[in-house]
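# Report on the structure
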Amino acid sequence: MKKNLTFWLGLGLAIFLLVGGFWLQSVTSQTRVDHLMLGNPSNASSDVANVDNYLMTKPEYVLSYSSSKRIPNWVSWQLNSSWLGDADRANNFRPDPDLPKGWFAVRQSDYTGSGYDRGHMTPSADRTKDPDTNSATFLMTNILPQTADNNRKVWERLEAYSRTLVKQGKELYIIAGGAGQKEVIKTGKISIPASTWKIIVVMDKTGLSVSDISDRTRIIAVNVPNEKDLGEDWKPYLTSVDKIEKLTGYDFLSNVSTEIQKAIESKVDK
Ligand code: MN
Ligand code: MN
């Protein structure tokens, strides 16, 4: 009798742990997305003393913010088909409520009349799986001033091209930001970068990890002047990761082995 009870209690516990374990695994694998899988290019941290390299982690993307420039240093995000759906463009540009207390939070109106677009780093069209996800791309910490000719032509073309890669089954890790400074938007003292750069690491399929990156992994890197009359095509602006590292002082793909970084960061996509 006594042995029987111990047996059933033991069996019950075993089943509980097994089912619980599978449940936990399925929940975490569904929600755990590592936008920084390739590394944190500027060693940003969420310490409020880090005023010009402040790490902000959101479900939709991760960024480093500069409170003196009032723009992101870089924004990093994963893109695969699970992010794409039919949510409408929310268009609700707004101050980021997650900035530390006392920091100036850029408003939509700070760009009004500046002659510059509110340029998304993580594009609205990369986050269409549901309305809340799309809305997150309109936080002003994901935005920097871009000329219309940059934002609506070259930059937009490359964004659209990256989504065609996703439709072919690829998974992308993308990092984008601005480099240099032309001037500032007077009202909000917002830094206007001299150029906008982007690095796209193309993984053959979804679910691969850093260790799957080899010297044959495709990388698309561009540096686009934040100027007028740039044409439509992004290919004239192709460059290497090495060049963008030199330009920004950041170390991209730092989670990839140094040998493979060496091999792929000097290449220019064709
Ligand atoms: Mn845009
Ligand atoms: Mn690197």
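Residues numbered from 1 in each chain as written. Chains lettered and ligands numbered in written order. Predicted model: local features only at pLDDT ≥ 70, side-chain atom pairs only at ≥ 80, totals over all residues. Heavy atoms only, no water.

Let's shift gears to the overall build of the chain. Secondary structure assignment for the chain yields five helices and 11 strands. Across its three principal axes, the chain shows a C-alpha extent of roughly 85 × 45 × 40 Å. Surface exposure of the chain reaches about 13,800 Å², of which carbon and sulfur atoms provide 54%. Separation between the mean location of the 33 positive side-chain charges and that of the 31 negative ones in the chain comes to 1 Å. (Helix = DSSP H or I, 4+ residues; strand = E, 2+ residues; numbered from the N terminus. Areas by Shrake-Rupley, 256 points an atom, 1.4 Å probe, with all protein chains shown as cover. Lys, Arg positive; Asp, Glu negative; His and termini not counted. Charge placed at Lys NZ, Arg CZ, Asp CG, Glu CD.)

What follows covers the pairing of strand E10 (residues 218-225). The pairing of strand E9 (residues 195-203) with E10 spans eight bridges and is classified as antiparallel. When the bridges of E10 are listed, Lys-198 appears paired with Val-222. With two bridges joining them, E10 and strand E11 (residues 238-239) adopt antiparallel strand pairing. Bridging from a neighbouring strand, Ala-221 pairs with Thr-239 of E11. (Pairing = 2+ DSSP bridges.)

Glancing now at the coordination of the manganese ion (ligand 2). Bound to the manganese ion (ligand 2) are the protein donor atoms Glu-245 (OE), Asp-251 (OD), Phe-252 (O), Gln-261 (OE1) and Glu-265 (OE), situated 2.2 to 2.3 Å from the metal. Here the donor residues for the manganese ion (ligand 2) map to a single chain with the spacing E-x5-D-F-x8-Q-x3-E. What makes Phe-252 buried here is its relative accessible area of 0%. Assessed through its relative accessible area of 8%, Gln-261 is described here as buried. (Donors = N, O, S within 2.8 Å, 3.2 Å for Na, K, Ca; no water. Buried < 20%, exposed > 50% of the residue type's maximum accessible area, 1.4 Å probe, protein only.)

Tyr-65, Tyr-111, Leu-172, Ile-220 and Val-222 are the most contacted members of the largest nonpolar core, which has 43 residues in total. In terms of residue count, the dominant contributor to this core is helix H3 (residues 148-167) (five residues). With sequence-adjacent residues up to four places away left out, Val-222 is seen in contact with Trp-155, Leu-158, Thr-196, Trp-197, Lys-198, Trp-234, Tyr-237, Leu-238, Thr-239 and Ile-244. Within the second largest apolar cluster, 25 residues are counted, among which are Ala-44, Val-210, Tyr-250 and Val-256. (Core = buried A, V, L, I, M, F, W, Y, C linked by side-chain atoms within 4.5 Å. Contact = heavy atoms within 4.5 Å.)

Counted under the stated rule, the structure contains six aromatic pairs. Linked through ring pairs, Trp-197, Tyr-250 and Phe-252 together constitute an aromatic cluster. The cationic tip of Arg-118 hangs over the ring face of Phe-93; the distance from NZ or CZ to the ring centre is 5.6 Å. Here the basic side chain of Lys-129 rests over the ring of Trp-83, its NZ or CZ set 4.9 Å away from the ring centre. (Phe/Tyr/Trp six-rings, centres within 6.5 Å; stacked < 30°, edge-to-face > 60°. Lys NZ or Arg CZ within 6 Å of the ring centre and 35° of its normal.)

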